[in-house]
Amino acid sequence: MSDMTEKNRKSGHDLFISFEGWAVTRDTRPLEMLKKIFNDYDVRIIHIYRDPMSHLLSHYNQQNKGYGRRITTKSLTSEILGRYTSSTAFRVYFTDSITLKRIVDIFGRNALHIVDLAGSATTGHDITYTVYCEVMGVLCDQRDLFLKTDVGKNPREDVVMMHVNSIFIGYLSNIKRSDVVHDGRGVSRCQYCSDLYHTASNWFERWYDRKILARDKMRYKIPTTQVNLSMLIPYMDGLVNEVWDNYGDIILHGDKAAVHASIRSNSMTETLDFDEFIHSLPWLSIFEEALEDARKVPGLLCNC
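Residues numbered from 1 in each chain as written. Predicted model: local features only at pLDDT ≥ 70, side-chain atom pairs only at ≥ 80, totals over all residues. Heavy atoms only, no water.

Peer 1: Which parts of the structure should I look at to understand the state of the cysteines?
Peer 2: Cysteine pairs can be linked by a disulfide, which is a covalent bond between their two sulfur atoms. Across all of its chains, the model carries three disulfides by this definition. The disulfide bridge from cysteine 193 ends at cysteine 302, spanning 2.0 Å between sulfur atoms. Between cysteine 193 and cysteine 302, the disulfide has an S-S torsion of 115° and is therefore right-handed. Placement of the pair is cysteine 193 in the loop between β3 (191–192) and α11 (197–215) and cysteine 302 in strand β7 (residues 301–302), with a sequence separation of 109 residues. With relative accessibility at 26%, the residue cysteine 193 sits in the partly exposed group. (Disulfide = S-S within 2.5 Å. Helix = DSSP H or I, 4+ residues; strand = E, 2+ residues; numbered from the N terminus. Buried < 20%, exposed > 50% of the residue type's maximum accessible area, 1.4 Å probe, protein only.)

Peer 1: I keep staring at the sheet that holds strand β2 (residues 112–116) and nothing clicks. Help me out?
Peer 2: Sheets are built from strands that pair by backbone hydrogen bonding, the pairs being arranged parallel or antiparallel. With parallel pairing, three strands are arranged side by side in an open sheet as β1-β2-β5. The strands lining the two open edges of the sheet, one partner per strand, are β1 (45–49) and β5 (251–252). Against the sheet, helix α6 (residues 96–107) makes contact with β1 and β2, and its axis sits at roughly 170° relative to β1, the strand it touches most. (Pairing = 2+ DSSP bridges. Contact = heavy atoms within 4.5 Å. Axes fitted to C-alpha atoms, helices over the stretch in contact; angles between N-to-C directions.)

Peer 1: Help me out: how do you make sense of the side chain of histidine 253 in this one?
Peer 2: Take histidine 253: it is sitting in the loop between β5 and α13 (256–266). In this structure the side chain of histidine 253 is engaged in a polar contact, spanning 2.9 Å, whose partner is the side chain of glutamate 134. When near neighbours in sequence (up to four residues on either side) are disregarded, histidine 253 contacts Asp116, Gly119, Ser120, Thr123, His125, Thr130 and Glu134. (Polar contact = N/O pair within 3.5 Å; in protein donor to acceptor, adjacent residues only side chain to side chain.)

Peer 1: In this structure, what is going on with helix α8 (residues 127–135)? I would like to understand it.
Peer 2: An α-helix turns once per 3.6 residues; consequently, residues spaced three or four apart project the same way. Here α8 has its buried residues at Thr128, Tyr129, Thr130, Val131, Cys133 and Val135. Residues of α8 that are buried in the fold lie against β1, β2, α9 (143–147) and β5. At the N-terminal end of α8, a side-chain oxygen is found 3.2 Å from the backbone nitrogen of threonine 128, two or three residues along, and the residue is aspartate 126.

Peer 1: Looking at this structure, I do not really get the packing of aromatic side chains. What am I missing?
Peer 2: A ring pair, where both rings are aromatic, is described by two values, the distance of the centres and the angle of the planes. Per the stated rule, a full pass over the model turns up 14 aromatic pairs. Seen in terms of ring centroids, tyrosine 171 and phenylalanine 287 are 5.6 Å apart; in terms of plane orientation they differ by 45°. Their pairing is tilted. One end of the pair, tyrosine 171, is in helix α10 (residues 159–173); the other, phenylalanine 287, is in helix α15 (residues 283–294), with 116 residues separating them in the sequence. A relative accessible area of 1% means that phenylalanine 287 is categorised as buried. Pairing tryptophan 283 with phenylalanine 287 gives two aromatic rings, centres 5.9 Å apart and planes at 65°, and the pair type is edge-to-face. Of the two residues, tryptophan 283 and phenylalanine 287 are both situated in helix α15; the distance of four residues between them amounts to about one turn of the helix. (Phe/Tyr/Trp six-rings, centres within 6.5 Å; stacked < 30°, edge-to-face > 60°.)

Peer 1: Help me out: how do you make sense of the pairing of β2 in this one?
Peer 2: Within a regular strand, the side chains alternate between the two sheet faces. Here β2 lies mainly inside the structure; four of its five residues are buried. The sheet contact formed by β1 and β2 spans five bridges and is parallel. Bridge assignment links isoleucine 45 to a residue of β2, and that residue is leucine 112.

Peer 1: How should the environment of methionine 136 be read in this particular structure?
Peer 2: Mapping methionine 136 onto the fold places it in the loop between α8 and α9. Residues methionine 136 and phenylalanine 16 lie 120 residues apart in sequence; the distance between their C-alpha atoms is 9.1 Å. What methionine 136 contacts, discounting residues up to four positions off in sequence, is Phe16, Arg44, Ile46 and Val131.

Peer 1: Looking at this structure, how should I read unusual backbone geometry?
Peer 2: Here histidine 253, not a glycine, exhibits a phi torsion of approximately 55°, which is positive. A positive phi angle, near 60°, is found at asparagine 303, a position not held by glycine. Position of asparagine 303 relative to the elements: it lies in the segment after β7. Using a relative accessible area of 27% as the deciding quantity, one classes asparagine 303 as partly exposed.

Peer 1: I'm lost on helix α2 (residues 29–37) in this one. Help?
Peer 2: Within α2, the full set of buried residues consists of Pro30, Leu31, Leu34 and Ile37. For α2, the angular spread of buried residues about the axis comes to 120°, placing them on one side. Among the exposed residues of α2, those oriented more than 90 degrees off its buried face are Arg29 and Lys36. (Arc of directions from axis to C-beta.)

Pasting the structure below:
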């Protein structure tokens, strides 16, 4: 970090750094380190604000979609509440007011710029354009770059299929091999070769659609379930009110009513019905067939 900063300082260049982990740690040391490194810069910290229910579901999806981990939908509410009360890091991660106070205490209120996701959607403002033009002061004359392309956009994800692929990853890692491979640190597990999760997920989704669903769409349809998180709404509303009470005057395109509406919309969500998947689908034979076909794709699997 220091080397990169020094190089850009000498060339007179600005820096745009994106990393969500600095502010959501157990203490303020990462932010204090950044303050020291950028002490002679005009620092502008951009906090993209999303409704806390959406943030919670994003965490749930992250834990389920990529690494063979699983948070069951039936225990989601109780597990999340348990983490809130027992884990400082987890509480900080989901409590924007804590993160925002840390930023203001270290960098000052003038450095903080909050962009409201729900409010921007309601008022028709493009998030990426807001960041570059309204906050950074660049590319203001190139609105079409943001409105007519995928610049700054996350691709839509089939989260249910990502969950199924995550179970497949767990299956791969537990394959019994006759030719055990050692890498100096232990036994190498069967896995996707790419560190880019979407590469693997996209292959599995396409394979399942073109081969398994094409065989019998009704029989192999992935079972889903509706999860009701409405009991969390009062708590989520309180988090939103705290942010607006303290920082409402510096929220770009803020729409508090839209945020509350988004919380309620996200309180009912569809996700993989894990129990039904295990008991109603021949998942083992499906995964065995997927493994057989995946082995034929150059560079897709390693140590399998």
